[in-house]
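Structural overview for review
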Amino acid sequence: AAEFNVDQKGNTFTPTALKIKVGDSVNFRNLDNHYHNVFSLTEGQSFDLGSYGQGQSRKHTFTRPGKVDVECAIHPAMKITIEVSP
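One structure accompanies this document, and this report is about it. (Residues numbered from 1 in each chain as written. Predicted model: local features only at pLDDT ≥ 70, side-chain atom pairs only at ≥ 80, totals over all residues. Heavy atoms only, no water.)

Observations regarding the nonpolar core
By size, the foremost hydrophobic cluster in this structure holds 18 residues, and its most contacted members are Phe-13, Val-26, Phe-28, Val-38, Phe-62, Val-70 and Ile-82. Secondary-structure elements contributing two or more residues to this core are strand E3 (17–21), strand E4 (25–30), strand E6 (47–52), strand E8 (66–71) and strand E9 (79–85). Setting aside residues up to four positions removed in sequence, Val-26 forms contacts with Phe-4, Val-6, Leu-18, Ile-20, Arg-58, Lys-59, His-60, Phe-62 and Ile-82. (Core = buried A, V, L, I, M, F, W, Y, C linked by side-chain atoms within 4.5 Å. Buried < 20%, exposed > 50% of the residue type's maximum accessible area, 1.4 Å probe, protein only. Helix = DSSP H or I, 4+ residues; strand = E, 2+ residues; numbered from the N terminus. Contact = heavy atoms within 4.5 Å.)

Some thoughts on the sheet that holds E4
What the four strands build is an open sheet, ordered E2-E1-E4-E7; its pairing is mixed. The sheet terminates laterally at strand E2 (12–14) and strand E7 (57–61), the two strands that pair on one side only. Each neighbouring strand pair of the sheet contributes to a mean axis angle of 25 degrees, computed without reference to strand direction. As judged from the five bridges shared by E4 and E7, these two strands associate in the antiparallel manner. Bridged to Val-26 within E7 is His-60. (Pairing = 2+ DSSP bridges. Axes fitted to C-alpha atoms, helices over the stretch in contact; angles between N-to-C directions.)

Looking at unusual backbone geometry
Geometrically, the link from Thr-14 to Pro-15 is a cis peptide bond, its omega value of 5 degrees lying close to zero. Structurally, Pro-15 is set in the loop between E2 and E3. Of note, the phi angle at Asn-11 is positive, near 55 degrees, even though the residue is not glycine. As for its placement among the helices and strands, Asn-11 is situated in the loop between strand E1 (3–9) and E2.

Section: the side chain of Asp-7
Inspection of the secondary structure puts Asp-7 in strand E1. A relative accessible area of 18% places Asp-7 in the buried class. Those residues within four positions of Asp-7 in sequence are excluded, and the remaining contacts are Thr-12, Phe-13, Thr-14, Arg-29 and Leu-31.

What follows is the structure, given as structure tokens:
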């Protein structure tokens, strides 16, 4: 399994789209000087990593294939789509 980094900077996820495989992990790194929250309500793929501050990160491992829409609960315009292949 591989590990990928997604940065949160300027109230944007970078990249805004990512292709990974089942079993891979994504490390969401907060590079802004305020809090972010990472969550998904995608059916069968929902998770909530909670809120965390600058310099902190949270990791999620994706265990099922499909398209996962991820957002920030604090900044609703922040979105990333993660395609998880078998």
